[in-house]
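Observations on chain architecture
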Amino acid sequence: MNPELAARINSFLAALVLLTAFAMLAQRRMNGLIHLFAWQGLLLSVNTAIVGYVAARHHLYISSLLTLALKVVALPYILHVLIRRLRIHKEIEVVVNIPTTMLAGIGLVVFSYQLTSPIIQLSTMVTRSTLAVALATVLLGLLMMITRRHAVTQIIGFLALENGLFFAATSATYGMPLVVELGVALDILIAAFIFGIFFFHIHATFESLDVEQMARLKEGE
Amino acid sequence: MTEAMLLGLLLVPLLSALALALVGDRRLAPEVNILGSAVTFAASLRLAMEVHANGSFIGGGKFFFVDAFNISLAVLTAFVSLTTAIFSRRYMRREREHGRVGHYGMRFYHAMYQMFIFAMLLCLLTNNVGVLWIAMELATLSTVLLVSLYRTPTAIEAAWKYFILCGVGIAQALFGTVLLYFAAERVLGEGGDALLWTNLSQVSGQLEPTVLSLAFVFLMVGYGTKVGLAPLHNWLPDAHSEGPTPISAVLSGLLLNIALYALVRCKALVDGATGTRHAGNIMMGFGILSILVAAFSLLRQRDIKRMFSYSSIEHMGIATFAFGLGGPIATFGALLHMLVHSLAKSSIFFTVGHASQMNGTQEMSRIRGLFKGNPLVGWGLMLGVMAIVGLPPFGVFTSEFLILTATIKDAPAAAPFLLLGLGVAFAALLRRVQPMVSGAPPPWQTPLKAAHLPVLLHLALVLALGLYLPVFLSDWFRTAAELLR
């Protein structure tokens, strides 16, 4: 594969990742959200494999498989089981005004391009133009966590944010060293178990997974 | 020999965690916990002696790296975790008897306690910036469920907040690490070696300044959240006030230090690369803001543990400010401040835990007559507060005095803010503690067998450090300050 074509494919996948990030911001249904998250993981996994092939970095194949196993299969499965057990899969949550959120999201994308422009100029890699998209994915995940009120959506926002970080590592540097990637994957897995436990605790205590309920700890008087 | 000690220092807590998870809530579990921590402490001391004799070294195939800066923090971590394990034996047993923690809770508590210590020591001793990040996340994850151990609505809320805010914060730090790797890879070549502190500090002059200053913003926000710096501190008072008291003691006394350690290493690197004081100035700004926000929040608190967690934010602000200011005196003061703050704050949390168990509440208005009720608890709290507000002859006075001197010399404009923060915190804490210790014990107070040793040992050390600084310690701090220039 010549670098020209690889760069095109990479940009195309980056565009799709950004699209899934926006679709997640607009998605109201829990099931749809989890599907979008799985799609985003699949795009990342394919992208990582292609970058690994073009740049001849074989450890990226391991990262790619790890992403496939963790973010496309394991995490969406865990989330599906949790929402079925807790009977929230049909719940359509109240979102704070989708058009405004989308506008804020566009602002964040522009901001990401602005912020990463000095780095993109320095880089010689085929993947350099996607760093801005990676940062935008991180910020959109953050935005989702802020604008949503449901514990499960907050977690999906958090995982999408993590996807952005992974994307940044692949596009800025052809992936972090393997030991770091493995460690990060392990941390995400532990985090998944912890939030699974948490969903049950929150559900048992507050009889809902609406984070708004949790407002007992307030400042001072 | 040194390598074996290094390995032991990390393996003992890890194996203790496994053992405690397996044996579960047996009669001897707290003793096993103490034993594991004691062996860890002995290993850290032995390693410190090696470093004192032979200087810094790199071990385990460049994977670990020990110098005067991180070994002093490792000894401190091992020491406070030992005394906290001793304290938690009595404390948690009583919690168990009162039915606040169940069978599985106790098993989980002990195993995760050792896991937490392992994560913190790994943070300190690793040579790899990426592994440092992983260990920091592991430290967060191992304490999240400990904060919600009591399963009350407020505890779950606090733990959720801690999980989400620190998770997001530390994700920013990972982005900063990616950018750091991006800059390092161009100089050091691809692979794990490009993320080693020892390699990075050698080539800091050649790293791309624009990338590093951008990376530092992300690292500052990320690790700053963990240090509990304002305006990213919201998780801290909740997590510290709702979790079990031994966990509050190690969170305040140790975890905040570890996060600050990561930040300080990054700062030295970034300022070396850019040749400016960019990173230092950002830290000074966050430091001053934290001191002021925390000092004024102290005035409004009703919950005793919440109040002292604001005091931790204030002190972390002071240390961050001093590291940002830089220079031999300020850095020396900051290192000493981290040490004495850890000792004083954990001893305060020990006595606070006893005081709230005696009175069955954390509400300060319902805690009375501690001097008469239990002299050790009363005097422990009084002396601890006197130490933490910086009254001479305690060690906090020495470190704050050094930092103030350096501030007046190098950044006089910041001095009034620093003094204002210190003054307000001084008044707020002393005004609050006075009614709690004096007067007659209230009718709801129950007697309590307190854990004497940890409180007395910590206070004695803070006092001793104020009166006399041992030569090896000042040597270490001076070398560390030299390393961080």
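Residues numbered from 1 in each chain as written. Chains lettered and ligands numbered in written order. Predicted model: local features only at pLDDT ≥ 70, side-chain atom pairs only at ≥ 80, totals over all residues. Heavy atoms only, no water.

**Notes on the overall build of chain A**
What chain A contains, in helices and strands, is seven helices and zero strands. Put simply, chain A runs from its N terminus to its C terminus through helices and strands in the order α-α-α-α-α-α-α. Rg of the C-alpha trace for chain A: 18 Å, near the compact-globule value of 17 Å for 221 residues, within the 12% margin. Considering only C-alpha atoms, chain A reaches an extent of 55 × 35 × 35 Å along its principal axes. The contacts in chain A between residues at least 6 apart in sequence include a share of 76% that link residues at least 24 apart. (Helix = DSSP H or I, 4+ residues; strand = E, 2+ residues; numbered from the N terminus. Rg over C-alpha atoms; globule rule 2.2 N^0.38 Å. Contact = heavy atoms within 4.5 Å.)

**Focus on unusual backbone geometry**
Here the residue pair A230 of chain B and P231 of chain B is connected by a cis peptide bond, since its omega of 0 degrees sits within 30 degrees of zero. The omega angle of the peptide bond from P392 of chain B to P393 of chain B is 5 degrees, so this bond is cis rather than trans. Checked against the element boundaries, P393 of chain B lands in the loop between α15 (375-388) and α16 (395-410). Phi at A56 of chain A takes a positive value of approximately 55 degrees, unusual for a residue other than glycine.

**Re the pattern of salt bridges**
All names here are of chain B. Scanning all chains against the criterion turns up ten salt bridges over all chains. Notably, a salt bridge pairs R478 with D475, separated by 3.7 Å at the nearest N-O pair. Pair noted here: R478 and D475 are both in helix α19 (residues 471-483), with a separation of three residues, about one helical turn. Residues joined in a network through salt bridges with shared partners are K161, D238 and R306. (Salt bridge = Lys/Arg side-chain N within 4 Å of Asp/Glu carboxyl O.)

**Here we look at the packing of helix α7 (residues 178-206) of chain A against helix α6 (residues 153-188) of chain B**
At their nearest, the axes of α7 of chain A and α6 of chain B sit 10 Å apart, and the two run at 155 degrees to each other. In terms of orientation, α7 of chain A and α6 of chain B fall into the roughly antiparallel class. Considering the relative orientation of α7 of chain A and α6 of chain B, their crossing is left-handed. Residues V184, A191, I194, F195, F198, F199, H201, I202, T205 and F206 of chain A of α7 of chain A touch α6 of chain B, and the partners they reach there are P153, I156, A159, W160, F163 and L174 of chain B. (Axes fitted to C-alpha atoms, helices over the stretch in contact; angles between N-to-C directions. Parallel < 35°, antiparallel > 145°, perpendicular 65-115°, else oblique. Left-handed = near helix turned anticlockwise from the far one by under 90°.)

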